[in-house]
Amino acid sequence: MAEIITSAVVPIWHTMTKQSIASIESQGFDQIIAVFDGVLPQPLSGTWDQIRLSSNCGQQRARNTGLLHATGKYVLHVDDDTTLYPGCLAAMVEAIERT
């Protein structure tokens, strides 16, 4: 099994746009965790780990829950309405490892 270097934690409070989903999936994360905070899970590709909180627990608890399940050396918190620029994950990892 390959080492997990990068994890994305995505707290979800409403339905994600296809653009947001595609931008996250295109980054090449080793692990993507969706934390559904009081909302019904939406269909996501099989590469996403999914956690459902039974009620709206708030942004911080959703992020912390995802962080507890993340196994990557580097973890990026991504909001459910964020669109990531192409190559931003690779640029961040490169910058971190260069320092």
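Summary of the structure given here. (Residues numbered from 1 in each chain as written. Predicted model: local features only at pLDDT ≥ 70, side-chain atom pairs only at ≥ 80, totals over all residues. Heavy atoms only, no water.)

**Focus: the sheet that holds strand S1 (residues 6–12)**
- A sheet is described by the order of its strands in space; here four strands give the open sequence S3-S2-S1-S4, paired in parallel fashion. Since the sheet does not close on itself, it has two edges, and those belong to strand S3 (48–53) and strand S4 (74–77), each with one partner. Adjacent strand axes in the sheet meet at a mean angle of 20°, parallel and antiparallel pairs treated alike.
- Strand direction decides the pairing type here: S1 and strand S2 (residues 31–37), joined by six bridges, are parallel. Bridging from a neighbouring strand, Val-10 pairs with Ala-34 of S2.
- Contacts from helix H1 (residues 18–25) reach S1, S2 and S3, with the element oriented near 130° to S3.
- Running over the sheet, helix H2 (residues 59–69) touches S1, S2, S3 and S4 and is turned about 145° from S2. (Pairing = 2+ DSSP bridges. Helix = DSSP H or I, 4+ residues; strand = E, 2+ residues; numbered from the N terminus. Axes fitted to C-alpha atoms, helices over the stretch in contact; angles between N-to-C directions. Contact = heavy atoms within 4.5 Å.)

**Observations concerning H1**
- Taken together, the buried positions of H1 are Ser-20, Ile-21, Ser-23 and Ile-24. Considered in projection along H1, the buried side chains sweep an arc of 165° and stay on one side of the axis. Opposite the buried face of H1, at more than 90 degrees from it, the exposed residues are Lys-18 and Gln-19.
- Check the buried side of H1 and you find it contacts S1, S2 and S3. (Buried < 20%, exposed > 50% of the residue type's maximum accessible area, 1.4 Å probe, protein only. Arc of directions from axis to C-beta.)

**With respect to H2**
- Of all the residues in H2, the buried ones are Ala-62, Arg-63, Thr-65 and Gly-66. Around the axis of H2, the buried residues are gathered within 160° of arc, so they sit on the same side. Summarising the geometry of H2, the exposed residues directed more than 90 degrees from the buried face are Gln-60 and Leu-68.
- Buried residues belonging to H2 abut S1, S2, S3 and S4.

**Some points on the side chain of Gln-27**
- Position of Gln-27 relative to the elements: it lies in the loop between H1 and S2.
- Take Gln-27: its relative accessible area is 11%, and that puts it in the buried class.
- A distance of 3.3 Å separates the side chain of Gln-27 from the backbone nitrogen of Cys-88, its partner in a polar contact.
- Excluding residues within four positions of it along the chain, Gln-27 makes contact with Leu-84, Tyr-85, Pro-86, Gly-87, Cys-88 and Leu-89. (Polar contact = N/O pair within 3.5 Å; in protein donor to acceptor, adjacent residues only side chain to side chain.)

Keep in mind these numbers describe shape, not what the thing actually does.
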